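# Commentary on secondary and tertiary structure
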Number of protein chains: 2
Amino acid sequence: MARVFESDSGSGCSNVLSLDLIRESLIRQEDTIVFSLIERAKFPLNSPAFEESRCLDSGSFSSLTEFFVRETEIIQAKVGRYEYPEENPFFLENIPHSVFPTHKYPSALHPKALSVNINKQIWDIYFKELLPLFVKPGDDGNYPSTAASDLACLQALSRRIHYGKFVAEVKFRDAPQDYEPAIRAQDREALMKLLTFEKVEEMVKKRVQKKAETFGQEVKFNSGYGDESKKKYKVDPLLASRIYGEWLIPLTKLVEVEYLLRRLD
Amino acid sequence: MARVFESDSGSGCSNVLSLDLIRESLIRQEDTIVFSLIERAKFPLNSPAFEESRCLDSGSFSSLTEFFVRETEIIQAKVGRYEYPEENPFFLENIPHSVFPTHKYPSALHPKALSVNINKQIWDIYFKELLPLFVKPGDDGNYPSTAASDLACLQALSRRIHYGKFVAEVKFRDAPQDYEPAIRAQDREALMKLLTFEKVEEMVKKRVQKKAETFGQEVKFNSGYGDESKKKYKVDPLLASRIYGEWLIPLTKLVEVEYLLRRLD
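- By the naming in UniProt, chain A goes by Chorismate mutase 2 and is assigned to Arabidopsis thaliana.
- Reading the Catalytic activity entry of the UniProt record for chain A gives the comment "chorismate = prephenate".

Structural data, given as structure tokens:
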């Protein structure tokens, strides 16, 4: 996936943030998010996987899913995942360094604002509000695969939402004079208004619905795609669009606001 | 995802293996495999990720990807992944037990034949033959996300290939008299002939091609799906079909043969 910034050749300091690459990445992330929702919908809710239970080894209390995400994040950190500003951990307070040489990318983001991380909120919203909407109720006991699928969804949603930092940075660079007054006044509402483009948001929601229709349909060998009205989808396309409209877009703008509030620190 | 066997209620011993559920699962796994190929194709080959390099901590030599898969398998084992006969580890010789209570599913597979695991072969084929075919050459340095994407592909391919154990078991149960002579004679060729249905294989290849066309297309907000001939796909649909025809189907039948050779042990 293309990096969203082009670093100055050699100087290692990036001053070119590409709005086109950001837009391209956000659109491509829609496919990843729709795929991950479809894959998670293979399993029922399986709530015991993310409800607290006793770990047989340590005796400590955590859910299987939390244990799985927490431990996997350590491995992902050890191969350098969190050295990328697009990636934000759910649990790691102090991120282990990578045990393999990694590419040092100049960060296009403001150092103070880089630390914006709303994953705690994303975690709660995902398990309490989103999951019950798009998966069927029930428990098939397959918690290991469910947890792996939840991790894929959580990381795809988190990446899209925290991309708001790049969006905010490029908007600020394009017109600092528009944002500085609201930042100095720490005026969240004013910032939210500056960051809201309803036409664009409607277009994103419609495109996501179309992607959920396209990627979530039953593809048969010899039939066409069949009568639209009787189609069965793996995830309800209207719901995928709603997840974007009522959660992902607002949470992305929340990250943009949090980023901008710190931009002049 | 539905379990492929229905256990006798209460008796804990399964004697009902459902061919319909197996077929349904194999078809649904096509979507998962096509999605995982599409997601991996976001990144270039990034071969340094899976070439041997020195681990900074331990000084040992392993590739970043191998380290990542090996360590992730330990976490997955600890949440019970490998207590499911559909899942086969790439590296774990001795699988750590689960640290959370897990559902004990009666195994529908023959104990001796359960151990068939050709993941070493799958690993080599994936990195040496398949990957260079469906991803673009180059190196963007994003090895952590590449390794996570390779893990998703490897596990999806491995699950489909090792599903051959269930296919073999249900074919054997349906007509033991057809298979017993070849098994007793340990006649691989005879078994391979018994297991080959070219019409079905052609149908699978065509369906996979159609799925790669459907799931890999660019979905735009306001346009239809555009002129078929000028379409751009994230993974070449003919290639996806070829991966099934030249690798996945033959490797699945190899697992079926290996399974049946041990079936009467």
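Now that the structure has been shown, the text picks up again.
## Overview of the state of the cysteines
- A complete count under the given rule lists 0 disulfides over all chains for this structure.
- In this model C153 of chain A remains outside any disulfide bridge; the closest cysteine sulfur is found in C153 of chain B, 17 Å from its own.
- For C153 of chain A, a relative accessible area of 0% corresponds to the buried category.

## Quick look at helix α4 (residues 143-162) of chain B
Residues and elements named next belong to chain B.
- When the terminal C-alpha atoms of α4 are compared, their 27 Å separation across 20 residues agrees well with the 28 Å that a helix rising 1.5 Å per residue should span.
- The buried fraction of α4 amounts to 18 of the 20 residues, a majority that puts the element mostly inside the structure.
- A distance of 3.4 Å separates the backbone nitrogen of S145 from a side-chain oxygen at the start of α4, and that oxygen is part of N142.

## Here's the deal with the side chain of S149 of chain B
All names here are of chain B.
- Positionally, S149 belongs in helix α4.
- With a relative accessible area of 10%, S149 lands in the buried category.
- With sequence-adjacent residues up to four places away left out, S149 is seen in contact with E39, R40 and F43.

## Quick notes on the environment of K232 of chain B
Residue and element names in this part refer to chain B.
- Within the secondary structure, K232 is located in the loop between α8 (198-215) and α9 (237-261).
- In this structure, the C-alpha to C-alpha distance between K232 and G216, residues 16 residues apart in sequence, is 8.3 Å.
- When residues no more than four places from it in sequence are discounted, the contact partners of K232 are G216, Q217 and E218.

## Overview of the interface of chain A and chain B
- Tallying the contact residues gives 58 residues for chain A and 58 residues for chain B.
- Carbon and sulfur atoms supply 64% of the area buried between chain A and chain B, which totals about 5400 Å² over both sides.
- Here chain A is connected to chain B by 4 salt bridges.
- Among the salt bridges present, the one from D31 of chain B reaches K234 of chain A, with a minimum N-O distance of 2.8 Å.
- At the boundary of chain A with chain B, the tally comes to 14 residue pairs in polar contact (both at pLDDT 80 or more).
- Mapped onto the side of chain A that touches chain B, the elements with two or more residues apiece are α1 (19-40), β3 (53-54), α2 (64-78), α4 (143-162) and α8 (198-215) of chain A.
- The element contributing the most residues to the side of chain A that touches chain B is α2 of chain A, with 8 residues.
- Residues belonging to the side of chain A that touches chain B are distributed by class as follows: 23 nonpolar, 17 polar and 18 charged.

## Some remarks on the environment of E202 of chain B
- Turning to its location among the elements, E202 of chain B is positioned in helix α8.
- With 149 residues separating them along the chain, E202 of chain B and S53 of chain B place their C-alpha atoms 41 Å apart.

## Thoughts on the layout of surface pockets
- The space that makes up the largest pocket amounts to roughly 1300 Å³.
- At the level of secondary structure, the elements contributing two or more residues to the lining of the largest pocket comprise α3 (119-134) of chain A together with α1 (19-40), α5 (164-174), α8 and α9 of chain B.
- Among the elements that make up the lining of the largest pocket, the one with the highest residue count is α1 of chain B (11 residues).
- Residue classes in the lining of the largest pocket are distributed as 23 nonpolar, 3 polar and 20 charged.
- Here the second largest pocket is characterised by a volume of approximately 690 Å³.
- Put simply, the parts of the chain that give the lining of the second largest pocket at least two residues each are α1 and α8 of chain A.
- A per-element tally of the lining of the second largest pocket places α1 of chain A first, with 6 residues.
- Tallied by class, the residues present in the lining of the second largest pocket amount to 12 nonpolar, 2 polar and 12 charged.

Cut-offs used in this document
Residues numbered from 1 in each chain as written. Chains lettered and ligands numbered in written order. Predicted model: local features only at pLDDT ≥ 70, side-chain atom pairs only at ≥ 80, totals over all residues. Heavy atoms only, no water. UniProt positions renumbered as here; feature names shortened; annotations may be inferred. Disulfide = S-S within 2.5 Å. Buried < 20%, exposed > 50% of the residue type's maximum accessible area, 1.4 Å probe, protein only. Helix = DSSP H or I, 4+ residues; strand = E, 2+ residues; numbered from the N terminus. Expected span 1.5 Å × (residues − 1). Polar contact = N/O pair within 3.5 Å; in protein donor to acceptor, adjacent residues only side chain to side chain. Contact = heavy atoms within 4.5 Å. Buried area = accessible area lost by both parts, 1.4 Å probe. Salt bridge = Lys/Arg side-chain N within 4 Å of Asp/Glu carboxyl O. Nonpolar A, V, L, I, M, F, W, Y, C, P; charged D, E, K, R; others polar. 1 Å grid on protein atoms, 1.4 Å probe; cavity = no way out; pocket = protein on both sides within 12 Å on 5 of 7 lines; lining within 4 Å. Points joined across faces, edges and corners; volume = space filled by probe spheres on them.

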